[in-house]
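Tertiary structure, described
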Amino acid sequence: MEQFTIVESAHVVPQRVVTNDELATFMDTSDDWIYPRTGIHQRHVVNDENTSDLATSVANELLAKSGITADQLDFIIVGTMSPDNLTPSVAQQVQGNIKANNAFAWDLSAACSGFVYTISMASALLATKYQRGLVIGAEVLSKLVDWQDRSTAVLFGDGAAGVLLEKTSAQVGLLAESLKTYGEQSEFLTAGHQRNSNYFTGELSQADPYFHMNGREVYNFATRQVPVVLSEALDKANLTADSIDVYLLHQANARIIASIAKRFGQPIEKFPINVANYGNTSAASIGILLDELRIEGVVHDGQRIALAGFGGGLTAGALIIQL
Ligand code: ACO
């Protein structure tokens, strides 16, 4: 076991809400199409904030809630597929904004598996000489959405969430994990293509910021692979599916989660879903759900939980955590 405790959790979403009905005023879609297929009613969308603004708000909230000062942090990792810049990274902007002068900081790009991958990396760091760090998933996906493309525009939302993790001597932390990458299937979900301008050949490629997705392939990937990574992680921990109190899955689509619960032979009640309010917030989604459930008391110390992410890359990953 890699021993750490979740000292605090936090999430922020932009104030502006865009409902399915509002989308239907400017694209050929409807709540009747979107909700039954995805479970999404609305999403939050930024006005002028960028990803680092949302991530910094989460970091400040984590420090305020925990009473830990910024200079006590050893590292900051931000999972994001929608950074403000190629450099500096969002994590480096957060480190500067909160003046975490003793922390090193970097981003991890694993799309909707971002939260799971970042917690895994943080857990490994805490098993070495580091004492505590912030793990944040933050996305402004609205800047990657082509608002004329109904096949992707209805799915995504903006938001950020994070946890403050600390090394502990208690028997809590990461029991086991299974992280997988399927780069050969990367074309099924892409966004943020960079323009390649070669000064020497004069060849200029077109930049294409927008999401492109084969929805059916991603759907099939998620429903097949998430049970695989969950099973592998449970096997490594020598645990059964029944022994998990709550399954926190990436919130892309309520139908995907229901299908995974069924394939996994577990009651849907153990798979909380909040995608109706936020849409798919990629690396932020599991963190938003975790914070909401901690506030409600549904997730609490003493439980054994599973986190599972899936998405762009393609990537998938599961963590079994003793709280
Ligand atoms: N409103 C109305 N009609 C629509 C919309 C819309 N928003 N989008 C597509 N349609 C139409 C299509 O044009 C198509 O019409 P046609 O049959 O006349 O051609 C019809 O609806 C069916 O389209 P499909 O794409 O086949 O619909 P499907 O049943 O596959 O559902 C969906 C689409 C909801 C996107 C599903 O494939 C899905 O959930 N996939 C997973 C996507 C996902 O979660 N991606 C994120 C991964 S996480 C990450 O890393 C970012």
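Overview of the structure. Keep in mind that what you see is a predicted model, and the values were worked out from it rather than measured.

Cut-off values and rules
Each chain has its residues counted from 1, running along the sequence as written. Totals for whole chains, interfaces and linings use all residues, but because this is a predicted model, local features are given only for residues with pLDDT of at least 70 and pairs of side-chain atoms are given and counted only at 80 or more. Note that water and hydrogens are dropped before the side-chain values are worked out from all heavy atoms of the structure. Note on conventions: DSSP H or I runs of at least 4 residues are helices, E runs of at least 2 residues are strands, and numbering of each starts at the N terminus. The atom set for the radius of gyration is the C-alpha atoms, and the globule formula is 2.2 Å times the number of residues raised to the power 0.38. In this analysis, two residues are considered to be in contact whenever any of their non-hydrogen atoms come within 4.5 Å of each other. Note that accessible areas follow from Shrake-Rupley with a 1.4 Å probe, and for residues the cover is restricted to the protein chains shown. The charge count includes Lys and Arg as positive and Asp and Glu as negative, but it does not include His or the ends of the chains. By convention, the charge on Lys lies at NZ, on Arg at CZ, on Asp at CG and on Glu at CD. Residues belong to a common nonpolar core when they are buried Ala, Val, Leu, Ile, Met, Phe, Trp, Tyr or Cys residues joined through side-chain atoms within 4.5 Å. Relative accessibility under 20% of the residue-type maximum defines a buried residue, over 50% an exposed one, and the middle range a partly exposed one, all with a 1.4 Å probe and only protein chains included. Reported domain spans reflect what an automatic or database domain assignment gives. Note on pairing: two strands pair once DSSP finds at least 2 bridges between them. The axes are straight lines fitted to the C-alpha atoms, using for helices just the contacting stretch, and the angles between their N-to-C directions are given from 0 to 180°.

1. Considering the overall build of the protein chain
Looking only at helices and strands, the protein chain features ten helices and 13 strands. Since a compact globule built from 323 residues should have a radius of gyration of about 20 Å, the 19 Å found for the protein chain is in line with a globular shape. Considering only contacts in the protein chain between residues 6 or more positions apart, those separated by 24 or more positions represent 76%. Accessible surface computed for the protein chain: about 13,500 Å², of which carbon and sulfur atoms make up 47%. Of the charged side chains in the protein chain, 21 are positive and 35 negative, and the gap between their average positions amounts to 5 Å.

2. Section: the nonpolar core
Membership of the largest hydrophobic core comes to 49 residues, with the highest contact counts inside it found for Leu 230, Leu 234, Tyr 247 and Leu 249. If you list the elements that add at least two residues to this core, you get helix H7 (215-237), strand S11 (246-249), helix H8 (254-263), strand S12 (304-311) and strand S13 (315-322). Residue contributions to this core peak at ten residues, all from H7. Viewed by domain, this core spans two of them, domain 1 (2-170) and domain 2 (174-322), each represented by three or more residues. Non-local contacts of Leu 234, meaning those with residues more than four positions away in its chain, are made with Leu 239, Thr 240, Ala 241, Ile 244, Tyr 247, Phe 264 and Ile 320. Judged by nonpolar contacts, the second largest core, of 29 residues, contains Ile 6, Ile 77, Leu 125 and Leu 319.

3. Observations concerning the sheet that holds S12
Spatial strand order, S5-S4-S6-S7-S1-S8-S13-S12-S11: nine strands in an open sheet with mixed pairing. Here the strands that pair on one side only, and so sit at the sheet edges, are strand S5 (104-108) and S11. Ignoring strand direction, the axes of neighbouring strands in this sheet form an average angle of 25°. Together, strand S1 (2-12), strand S4 (75-79), S5, strand S6 (132-139), strand S7 (159-167), strand S8 (173-181), S12 and S13 form the strand contacts of helix H5 (residues 114-126), whose direction differs from that of S4 by roughly 160°.

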